[in-house]
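Examining the three-dimensional arrangement
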Amino acid sequence: MASLRTSATKKNSRRLTALALGLGLAAAALGTAAPAGAQPQGADRAQARGAVGYVGSAEKAGNKAFFDAVLKSVAQRQAKQPSLQAVTVYYNASQAPSFRTQISSAASIWNSSVSNVKLQATSGSADFAYYEGNDSRGSYASTDGHGSGYIFLDYAQNQQYDSTRVTAHETGHVLGLPDHYSGPCSELMSGGGPGPSCTNPYPNSTERSRVNQLWAYGLAKALAKAGVQR
């Protein structure tokens, strides 16, 4: 019995070694697909903290953290320039050149949908940034741990799903909206819940109303903390 167990153990050991080697080679092959420097610095740290995915669990805390970071950045600028009448959120898309059209479309969609906040492109300092690359989690919005945030757009996911919808959905997190994957296609923040056939890139009336409310009262509270009266 002992010799049989020893023989079985050796065979299992060889199988596990072969399996581990195979997995290692597969992982190495997959790793070569990612373009160098595609992911933002700190992406690994963001993954450890947990990010907001296009398809996955609704992480309300992550959504709120990202919105709060952008809100804080905007409030600081407004505090320095209290004469500003319009609330503008600046974004930098220079690190996501493949998605310039989708990012511009998403900004236009939101700018035509809400009135209390506007999105504006800049090549300089911004309230948040867009990045592109390969990530097994798909596209997501995340804080960077230093008071600001970014949106990551995954190549594969943007080929499977309507890219403008993906971008507009992730941009919705910037404006304070959480994921709601069980919603219908007409609801932008349902994300990938309705499936790849859903191509709607527009927020519905409830989502538009919520963003206007958040930026009317959220910014007012942020400015009040900064000691600025509007």
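Quick summary incoming for the structure in this document. (Residues numbered from 1 in each chain as written. Predicted model: local features only at pLDDT ≥ 70, side-chain atom pairs only at ≥ 80, totals over all residues. Heavy atoms only, no water.)

Our focus in this paragraph is the environment of T167. As for its position among the elements, T167 is in helix 6 (residues 163–174). Residue classification places T167 among the buried positions, given a relative accessible area of 0%. Taking the C-alpha atoms as reference points, T167 and S139, 28 residues apart in sequence, are found 8.5 Å from one another. The contacts of T167, once residues within four sequence positions are left out, are Q102, I103, A106, Y130, L153 and N158. Among the polar contacts listed, one links the side chain of T167 to the backbone oxygen of S163, at a separation of 2.9 Å. (Helix = DSSP H or I, 4+ residues; strand = E, 2+ residues; numbered from the N terminus. Buried < 20%, exposed > 50% of the residue type's maximum accessible area, 1.4 Å probe, protein only. Contact = heavy atoms within 4.5 Å. Polar contact = N/O pair within 3.5 Å; in protein donor to acceptor, adjacent residues only side chain to side chain.)

A separate point is the environment of Y217. With respect to the secondary-structure elements, Y217 resides in helix 7 (residues 205–225). Overall, Y217 belongs to the exposed group, its relative accessible area being 56%. Separated by 101 residues in sequence, Y217 and N116 have C-alpha atoms that sit 9.9 Å apart.

Topologically, A216 is positioned in helix 7. Residues A216 and N116, 100 residues apart in the sequence, show an inter-C-alpha distance of 6.2 Å.

Glancing now at the pattern of salt bridges. Overall, the coordinates contain two salt bridges when judged by the stated rule. Two residues, R77 and D127, come together in a salt bridge whose shortest N-O distance is 3.0 Å. With R77 in helix 3 (residues 60–80) and D127 in the loop between strand 3 (118–121) and strand 4 (128–133), this pair connects stretches of sequence that are 50 residues apart. The burial state of R77 is the same as that of D127; both residues are buried. For D135, the salt bridge goes to R137, with nearest N and O atoms at 2.7 Å. Under the relative-accessibility criterion, R137 is labelled partly exposed at 22%. (Salt bridge = Lys/Arg side-chain N within 4 Å of Asp/Glu carboxyl O.)

Within the element layout of this structure, N92 appears in strand 2 (residues 88–95). Accessibility expressed as a relative area gives 12% for N92, which makes it buried.

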